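# Coordinates in review
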Amino acid sequence: MEQTLVIVKPDAVARGLVGAIVRCFESEGLVVCALKMVWLAQKEAEGFYQVHRHQPFFESLTRFMSSGPCVPMILEGEGAIGRVRTLMGATDPHKAAEGTVRRSFATSIERNVVHGSDSAASAAVEIPYFFNRLEIVPAAGRDNSPSI
Ligand code: CMP
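The notes below deal with the structure included here. (Residues numbered from 1 in each chain as written. Predicted model: local features only at pLDDT ≥ 70, side-chain atom pairs only at ≥ 80, totals over all residues. Heavy atoms only, no water.)

This part covers the pattern of salt bridges. When the charged atoms of two side chains with opposite charge come close together, those side chains can pair. Applying the stated criterion across every chain yields a total of four salt bridges. Glu 135 is the salt-bridge partner of Lys 36, the closest N and O atoms lying 3.3 Å from each other. Here Glu 135 lies in the segment after helix H7 (120-130) and Lys 36 lies in the loop between strand S2 (31-35) and helix H3 (42-48), a separation of 99 residues in the sequence. Judged by relative accessible area, which is 22%, Lys 36 ranks as partly exposed. Glu 59 is paired through a salt bridge with Arg 63; the nearest N and O atoms lie 2.8 Å apart. Here Glu 59 and its partner Arg 63 are both found in helix H4 (residues 58-65), four residues apart, which amounts to about one turn of the helix. (Salt bridge = Lys/Arg side-chain N within 4 Å of Asp/Glu carboxyl O. Helix = DSSP H or I, 4+ residues; strand = E, 2+ residues; numbered from the N terminus. Buried < 20%, exposed > 50% of the residue type's maximum accessible area, 1.4 Å probe, protein only.)

Right, here's the structure in full:
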């Protein structure tokens, strides 16, 4: 089983697309094992997107990502990282395949409605950026109630 971090970005939250986007993933069998709403400070967005710090779009991207609330979540499933990336479509919505989340909802390469981890190594860094261990309920083992 694999876990990946997905963020419904501020443009999609503002447009009331959280449910529609979660649906796209759940209907393909991916399971939500953590989800919350946060409003990042620009410094926090910069921390998350450190790998892009030398890109010309870094300032604009981190300003956008801190312009309103976003909804990070962890999705779990066999091959979840690759499956989520296929379902999201290309970064640029104009290049994204028909039926993908970005083709359906995104308006530009920056305002592209969702983020998904691009590798297992990225997921291992990105998941704990937003969630601690107590906030994650893995799909496996849910038949066991917590003992008090
Ligand atoms: P995401 O998957 O969150 O990863 C990095 C983000 O940077 C990407 O989605 C886009 O929102 C943004 N991005 C990537 N390339 C460009 C670009 N050429 N111009 C503006 N923003 C970009």
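After that view of the structure, there is still more to cover.
This part is about the site of the ligand. In the vicinity of the ligand, the residues found are Lys 9, Tyr 49, His 52, Phe 57, Leu 61, Thr 91, Arg 102, Ile 109, Glu 110, Asn 112 and His 115. Contacts to the ligand include Arg 102, whose side-chain N or O atom sits 3.2 Å from an oxygen atom. With respect to the ligand, the side chain of His 115 contributes an N or O atom lying 2.9 Å from an oxygen atom. For the ligand, the accessible surface in isolation is 460 Å², of which the surrounding protein chains cover 79%. (Near = heavy atom within 4 Å. Polar contact = N/O pair within 3.5 Å; in protein donor to acceptor, adjacent residues only side chain to side chain. Areas by Shrake-Rupley, 256 points an atom, 1.4 Å probe, with all protein chains shown as cover.)

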